[in-house]
Amino acid sequence: MSNICVIGTGYVGLVTGVCFADLGNRVVCLDVDQKRIEGLKKNVMPIYEPGLEQLTIQNVKAGRLTFTTDYHEALAGMEFAFIAVGTPSGVEGEADLQFIRAAAESIAENINTPVVVVNKSTVPVGTGDWVADVIRKKRAGKPLDFKVVSNPEFLREGSAINDFMSPDRVVLGSLDKEAAQQVARLYASLRCPILITDLRTAEMIKYASNAFLATRISFINEIANMCEEMGADVREVAQGMGMDKRIGHAFLDAGLGWGGSCFPKDVKALEHMAVLNGTHPQLLQAVMEINRNQRRRAVLKLRKALGGLNEKVIGVLGLSFKPNTDDVRDAPALEVIRLLENEGAFVKVYDPQAMEVAAPYIKKAVFCDDPYCAVTDVDALVLATEWNEFKQLDFSRVRSLMRTPVILDGRNLWDGEALRAMGFTYFGVGRGVTAVARD
Ligand SMILES: NC(=O)c1ccc[n+]([C@@H]2O[C@H](COP(=O)([O-])OP(=O)(O)OC[C@H]3O[C@@H](n4cnc5c(N)ncnc54)[C@H](O)[C@@H]3O)[C@@H](O)[C@H]2O)c1
């Protein structure tokens, strides 16, 4: 059993804290957001993540997990301080490190016993050294026995607990091998590969991984656009590519592009640090441009299909950036809605989990209680997020409710052939003329 403080109770921090507690450790989760901590003390989850509530309650009951806003209390007797605060995009696309600095300074001010500071937030290469420097400066000559380890997080929202408990790998970076080994022992029971490297390499592994996954999606979207123009079907192209073991199937689904709390800000931050360090990241720049254009292309298809968007009513199903999360940060749906509204369209929306979180960003939209309400009297329907409950809609009912039966399936979720047979005008992504004839 180890004593662990986790700083930040967002998607990463809360999942990390709860899972470490479940592995038998004593964990204190800390956040500066009073409301969040008050809620957690009453078992109210600040985020939607499958399985999280139950696991939290179990570990609180078992006495291994507590919540606080008090750094002094949180750090008392702790061997590990995990930093899991946000690193949002700054004005120029750089990672904004203000929350990391604040957390590092608070650690420096509130602990006097040996501690390993573990950075789980995604931070620019070199930040581990910078955090050590921030702590040393804050101590102003009062020595503290501390080491910094980078432990980038690879969990996916929607399957975060499973990803934490069965990771493909754990990456640890430190200048101090013993400190890295100490952190490695926290993960030993997971029986997963553990890669120990230096600080900067670990930080780069995180950015390179996210940038690579985003690149795969932008790649297949570029191919999808070619398929549309050249009469091929991108779904089968991806299938055929993925059968090659060197390529594999993951992250080859064409659609409205990548979004979420990580890919957009991380690709931007990597591009930013690359330029600042004298390299020319033209691949990353193209990956971002393709992604931006993918949403615009969806609007173009709708505009063409409806003969203009002014005063048209569009139903949008799905707001979160992917299914099984309420996270709407950089969600393609919100961008598409903004573009539609900009051309004078009215939008009706439905999402199983994300409507409350999305509401401040799409104030003019009409929020519906179910998918059928969202398609009533609309001129077109856009599927933006492939939640399970959208897979088996009653399309005869949908057809009878819509003003004009136009569907833009932004996730290639539905059977285009069946929908066309029912009288819908159906567009997927990357399903070209031949494919359309075959659908
Ligand atoms: N969300 C993901 O799927 C994911 C996956 C891998 C890595 N990451 C990275 O992990 C980090 C955290 O991401 P997230 O999505 O969990 O963020 P989040 O925004 O959901 O949560 C961050 C939390 O940190 C708290 N916080 C801010 N400053 C603080 C301080 N000084 N002291 C204590 N708490 C403070 C905030 O109140 C908030 O509750 C980011 O760097 C992100 O890039 C996220």
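Everything below is about the structure shown above.
Overview of the structure. (Residues numbered from 1 in each chain as written. Predicted model: local features only at pLDDT ≥ 70, side-chain atom pairs only at ≥ 80, totals over all residues. Heavy atoms only, no water.)

**Considering the pairing of strand S6 (residues 146–150)**
The buried fraction of S6 amounts to four of the five residues, a majority that puts the element mostly inside the structure. Bridging between strand S5 (residues 115–119) and S6 involves five bridges; their strand directions are parallel. Within the sheet, the bridge partner assigned to Val-116 lies in S6 and is Lys-147. You can see the chain leave S5, run along helix H6 (residues 127–139) and come back into S6, and the turn it takes is right-handed. (Buried < 20%, exposed > 50% of the residue type's maximum accessible area, 1.4 Å probe, protein only. Helix = DSSP H or I, 4+ residues; strand = E, 2+ residues; numbered from the N terminus. Pairing = 2+ DSSP bridges. Right-handed = clockwise from strand over helix to strand, strands pointing away.)

**Here's the deal with the packing of aromatic side chains**
Under the definition given, this model contains nine aromatic pairs. Each ring, one from Phe-164 and one from Tyr-187, has its centre 6.0 Å from the other, and the planes form 40°; the classification is tilted. Remark: Tyr-187 occurs in helix H8 (residues 177–187) and Phe-164 occurs in helix H7 (residues 160–165); sequence separation between them is 23 residues. Across the pair, Tyr-187 and Phe-164 agree in class, each one buried. A cation sits over an aromatic face here: Arg-169 above Phe-154, 3.6 Å from the ring centre. Taking NZ or CZ as reference, Arg-397 lies 3.9 Å from the ring centre of Tyr-372, over its face. (Phe/Tyr/Trp six-rings, centres within 6.5 Å; stacked < 30°, edge-to-face > 60°. Lys NZ or Arg CZ within 6 Å of the ring centre and 35° of its normal.)

**Some words on the pattern of salt bridges**
Counted according to the given criterion, the structure contains 22 salt bridges. A salt bridge links Asp-129 to Arg-200; the shortest N-O distance between them is 3.0 Å. With Asp-129 in helix H6 and Arg-200 in helix H9 (residues 199–230), this residue pair connects regions lying 71 residues apart in the sequence. The partner of Lys-301 in a salt bridge is Glu-228, with the nearest N and O atoms 2.7 Å apart. Of the two residues, Lys-301 sits in helix H12 (residues 282–306) while Glu-228 sits in helix H9, which places them 73 residues apart along the sequence. Classification of Lys-301 as buried rests on a relative accessible area of 15%. Classification of Glu-228 as buried rests on a relative accessible area of 14%. (Salt bridge = Lys/Arg side-chain N within 4 Å of Asp/Glu carboxyl O.)

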